[in-house]
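One-letter residues, chain by chain:
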Amino acid sequence: MAENSVVQKWSLGILLILLLPFAWAAPLTWLAQAMEMRFAHYAWIFCTGLFVLLFLVLWLMDGKLTFKISLPPKTVIYAICISMISGGGALLFNRVDADDFYYLANATYFVAHPQSRMGLEINFIYSPDLKLTSFTWGTSTPFEYAQAAIAYVTGFSILQIYYYLNPILMGIGSYFSLFLCTSLFLKRTHANLLGALGAIVVVSFIDDTIRAVGNLYVTRIFQGKVAFLAVALPVYFYVSFLYFGGLSKKLLWLLGIIALASIGMTASSLFILVFASLTVAIVLLVECWMTENLRLLRPICLLQLPLIPVFLYGITYKFFFGKGLEANSLANADWPTTMVGHALFYFNNGFSWSGAIYFSCWLFAIYALAGWGRRVILLWGIVPWFIFLNPWLGDFFIKKLYLENIYWRLFFILPFPLVIAITVSNFVEKILLTLPTRSRVISLGATSAFLAGLLLFFVPTWRNLLNWPIREKIPHPQSVVLEHIFSQGLSGVVLAPDPVSGLIALKAPEAVNIVIRLGVEQVLFSNAGAPDEAWNRFWAAHFLWSADKTHAVDFKKIVLRYRPDHIVVAASAFSTVYSVLASSRNIYCVSMEDDKYVLLTRETHCPSLMHDKPAA
């Protein structure tokens, strides 16, 4: 029991350290944007403040400043080693998503232009006539800006931090948050440590839908919205239930830090935390009624206090930055407007691995647990369906709270990965109890190695995502032209087809793109009063690889209006694009070419030593 308490304390401390940067980045980023602070100043203030806060956290955890170097207990070392397996798995087979092209682009821009002033402007899309702004949608959030600040101060590439360091840390965080939740119900530490790892291995195989837990926890955990679901949300549940059992004011402060970090990770946490808190409150209210212990009604009310910053954030977001995010808006286009439609994102309507495994493990957890644990896990699996995960209330919330592109994330409030951990832990515990002490140690080591092998080698093979040696996590076509652009960089305005334009925004941020991604630009230009501009740009970029002459007019308009310094053309479309440029008297030369792409540069910028082939 004491051993379990020590490991839980260390696990919670590690999670606090992982979440603290984003809790600090949230208010600082908003202040920096309001004051239009230079990014370089923001980065140094962030890193200095983070160092002080981490120092204070370590002091509060220890209770005194002894500066005595000592190893943690053996079980804690064992827990950290297992967590590294989870972090290693997250590193090995995470994959880039097209959302990164706008989540990360503003942050990479500021690292490349540290003297630029922060604000709500979209810096990675060229728009001299219209001011494009966004608070959190379609742009970087405190989650990305925190990593950009660390990259600037340390001199590392932001892409190295985002795609290498961040997955490791978030993978470790997801493991410890799952372990802590498991420890609420089962007290044997070694079994819980293996149970949490076993659950991560199991969900890694579950990829039957695009938004199944395995497809998010594993492959996209480096993104703020997924890190919130995998790390911050489970630990929010853990601390909430822990407070109910101990009534410590420190835990309320900790809940406030978790809530603030969640907002820094993703704006969608605003809605998810409210529904998560409502779930906890109803579960505990029913528990009070069943045990006839009405004295605990007051603590249930106090659990809502840490959500005050969330409510203030929500009010601010609604009245000042909610334009363009209403129901049926462009931001919510093509998303289901019914609960059933969102459920199909999460559960395969043919045969759902995730649904079958989760439901079976939930039933087993109810059977295996007793007393408080049985009642809570039962209610936790039922209450969400009654209050928001049903076709009647669900459809209402989707339409009235503008949740078309968020509602599916509410399914992560269900205790499904947790019940897998409880099931695995229960089996491991029963096996360990039958073995002598020496055999237990051997069994723990062998089981850990087996699970590590599954997670680090078999799962990636299963997913066909492992690529040795570990290289740059941003894939792109094998092209000499693109390699040159990404290694040497470009300056000025660039017109390139999707997805090359998105890659340029991340890997050559000195340049500014005319086009990045249609969906985002539709919302941004519509909010700026030019709803047709996004389509004009999209068809101009489309022409660069399709050579569809029906869009040659759009291409001419964009080139004449913005006079891009560089144009990236698909080699197969080059002759058509060449003739259109010639007819419009735009003079470009070929800076570089290969069998896939051609880089055109406006004549005044043409490198004298490169192959000169005038386009007009």
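First, a word on what this report is: a plain description of the structure on this page. Only a predicted model underlies this, so the values are computations on that prediction, with no experimental measurement involved.

## What to know about the environment of Q160
- Here Q160 is to be found in helix 7 (residues 158-183).
- The class for Q160 is partly exposed, based on a relative accessible area of 40%.
- Through-space distance from the C-alpha of Q160 to that of Q147 is 10.0 Å; in sequence the pair is 13 residues apart.

## Considering the pairing of strand 5 (residues 597-602)
- Of all six residues making up strand 5, six are buried, and the element is well covered by its neighbours.
- Neither face of strand 5 is open: one carries Y597, L599 and T601, the other V598, L600 and R602, and all of them are buried.
- Where strand 4 (residues 588-593) lies against strand 5, five bridges are found, and the strand directions are antiparallel. Bridging from a neighbouring strand, V590 pairs with L600 of strand 5.
- Count of turn residues in the strand 4/strand 5 antiparallel hairpin: three residues.

## A closer look at the sheet that holds strand 4
- With mixed pairing, five strands are arranged side by side in an open sheet as 2-1-3-5-4. In this open sheet, the two edge strands, each paired with only one partner strand, are strand 2 (511-513) and strand 4. The average angle at which neighbouring strand axes cross in this sheet is 30 degrees, direction not considered.
- Of the strand pairs in this sheet, strand 3 (residues 566-570) and strand 5 are connected by five bridges, and their pairing is antiparallel. Following the sheet pairing, V569 is matched in strand 5 by V598.

## Considering the side chain of S140
- For S140, the position within the fold is in the loop between helix 5 (105-112) and helix 6 (142-154).
- At a separation of 2.7 Å, a polar atom in the side chain of S140 contacts the main-chain carbonyl oxygen of Y103.
- Separated by 3.0 Å, the side chain of S140 and the backbone nitrogen of A107 make a polar contact.
- Those residues in contact with S140, other than ones at most four positions away along the chain, are Y102, Y103, L104, A105, N106, A107, F135 and Y145.

Cut-offs used in this document
Residues numbered from 1 in each chain as written. Predicted model: local features only at pLDDT ≥ 70, side-chain atom pairs only at ≥ 80, totals over all residues. Heavy atoms only, no water. Helix = DSSP H or I, 4+ residues; strand = E, 2+ residues; numbered from the N terminus. Buried < 20%, exposed > 50% of the residue type's maximum accessible area, 1.4 Å probe, protein only. Pairing = 2+ DSSP bridges. Axes fitted to C-alpha atoms, helices over the stretch in contact; angles between N-to-C directions. Polar contact = N/O pair within 3.5 Å; in protein donor to acceptor, adjacent residues only side chain to side chain. Contact = heavy atoms within 4.5 Å.

Just geometry here; none of it tells us what the structure is for.
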